[in-house]
Amino acid sequence: MVSTAGRIQLCREIEIYMRFDTPVRFVKMADVYDESTGNYSSSVVSEVTHYASVDNTTERMMTLVYGGVMQDSITARFQNHITDEYTDIVIDGKAYKVDYIAPKRVKDVYVLHRV
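Rules and cut-offs
- Position labels on residues start from 1 in each chain and follow its written sequence.
- Two thresholds apply to this predicted model, a pLDDT of at least 70 for residue-level local features and 80 or more for giving and counting side-chain atom pairs, whereas whole-chain, interface and lining totals are computed over all residues.
- To get the side-chain values, all heavy atoms of the structure are used, and hydrogens and water are removed first.
- Residue exposure (1.4 Å probe, protein chains only): buried if accessible area is under 20% of the type maximum, exposed if over 50%, otherwise partly exposed.
- Think of it this way: any DSSP run of H or I at least four residues long counts as a helix, any run of E at least two long counts as a strand, and we number them from the N terminus.
- Pairing between two strands requires that DSSP report at least two bridges joining them.
- Cavities and pockets are defined on a 1 Å grid built over the protein atoms alone: a cavity is a set of grid points where a 1.4 Å probe fits but cannot escape, while a pocket is an open set with protein on both sides within 12 Å along at least five of seven lines, and lining residues are those with an atom within 4 Å of any such point.
- Grid points are joined across faces, edges and corners, and a volume is the space filled by probe spheres set on the points.
- Residues are grouped as follows: Ala, Val, Leu, Ile, Met, Phe, Trp, Tyr, Cys and Pro are nonpolar; Asp, Glu, Lys and Arg are charged; all remaining types, including Gly, are polar.
- A contact between two residues is defined here by any heavy atoms of the two lying within 4.5 Å.
- The salt bridge criterion pairs a side-chain nitrogen of Lys or Arg with a carboxyl oxygen of Asp or Glu, the two atoms within 4 Å.
- When the centres of two rings from Phe, Tyr and Trp lie within 6.5 Å, Trp using its six-membered ring, the rings pair. Their planes under 30 degrees apart give stacked, over 60 give edge-to-face, and anything left gives tilted.

**Q** It is not clear to me how the pairing of strand S8 (residues 108-114) should be interpreted in this structure. Could you clarify?
**A** Within a regular strand, the side chains alternate between the two sheet faces. Within S8, six of the seven residues are buried, leaving the element largely enclosed by the surrounding structure. One ladder, built from six bridges, connects strand S5 (residues 73-78) with S8; its direction is antiparallel. Its bridge partner being in S8, Ile-74 is matched across the sheet by Leu-112. With seven bridges joining them, strand S7 (residues 94-103) and S8 adopt antiparallel strand pairing. In the strand pairing of S8, Pro-103 is matched with Asp-108. What sits between the antiparallel neighbours S7 and S8 is a turn of four residues.

What follows is the structure, encoded as structure tokens:
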């Protein structure tokens, strides 16, 4: 308890722990030409998994990124910088595209929307 000018205020320290427990797959795909059919087909070239703290994007951040509210927008926070090349991001079997990347000193923050 802290007493200021005759008022008693309760000071409580709130700690928020981020869990980097959601697997996020960075998938790089390439189009491969099939000579027998004459069509292009997508195939996975590489796939790398990183763990992130994933939650819904706040309304304030959506307004900054999209100019309004957008459905199926999530924020993924990574403990380290992501340097892998990728075309898609897959979280819980759902594909996402990157709308905004906020690089910090030691981590990256990605704002994603569902495709």
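**Q** Can you walk me through the layout of surface pockets in this structure?
**A** Sizing a probe to match a water molecule and rolling it over the atoms shows the empty space that remains. Estimates place the volume of the largest pocket at around 150 Å³. Sorting the residues of the lining of the largest pocket by element identifies strand S4 (39-56), helix H1 (59-66) and S5 as the ones contributing at least two each. With three residues, H1 is the single largest residue contributor to the lining of the largest pocket. A class-by-class count of the residues in the lining of the largest pocket yields three nonpolar, four polar and three charged.

**Q** Teacher, can you tell me more about the side chain of Thr-22 here?
**A** Mapped onto the secondary structure, Thr-22 falls in strand S3 (residues 22-34). Of the residues examined, Thr-22 reaches a relative accessible area of 16% and is grouped as buried. The residues contacting Thr-22, other than those within four sequence positions of it, are His-50, Tyr-51, Ala-52, Val-54 and Ile-91.

**Q** How should the pairing of S3 be read in this particular structure?
**A** The sheet contact formed by S3 and S4 spans 13 bridges and is antiparallel. Each bridged residue has a counterpart across the sheet, and for Val-32 the counterpart in S4 is Ser-41. Taken together, S3 and the strand that follows it, S4, pair antiparallel across an intervening segment of four residues, in which Gly-38 is found at a positive phi of about 80 degrees. Bridge count between S3 and strand S6 (residues 88-91): four bridges; the pairing is antiparallel. By the bridge assignment for S6, Val-27 is matched with Asp-88.

**Q** Honestly, the pattern of salt bridges in this entry has me stumped. Any pointers?
**A** Think of it this way: side chains of opposite charge can pair up when their charged atoms draw near. In the structure shown here, the tally under the stated rule is four salt bridges. With its nearest N and O atoms 2.9 Å apart, the salt bridge here joins Lys-28 to Glu-85. Here Lys-28, found in strand S3, pairs with Glu-85, found in the loop between S5 and S6; they are 57 residues apart in sequence, far enough to count as distant. Using a relative accessible area of 56% as the deciding quantity, one classes Glu-85 as exposed. With a closest N to O distance of 2.7 Å, Asp-88 and Lys-97 form a salt bridge. Look at Lys-97 and you get partly exposed, because its relative accessible area is 33%.

**Q** Just checking my understanding: could you explain the packing of aromatic side chains for this structure?
**A** To describe a pair of aromatic rings, one takes the distance between the centres and the angle between the planes. Applying the stated criterion to the full structure yields five aromatic pairs. Ring centres 5.2 Å apart and planes at 55 degrees place the aromatic pair Tyr-33 and Tyr-40 in the tilted group. In this structure Tyr-40 comes out as exposed when scored by relative accessible area, which is 59%. Pairing Phe-78 with Tyr-110 gives two aromatic rings, centres 5.4 Å apart and planes at 75 degrees, and the pair type is edge-to-face. In this pair, Phe-78 sits in strand S5 while Tyr-110 sits in strand S8, placing the two residues 32 residues apart along the sequence. Here the two residues Phe-78 and Tyr-110 agree in accessibility, since each one is buried. What links up through ring pairs into an aromatic cluster is the set Phe-26, Phe-78, Tyr-86 and Tyr-110.

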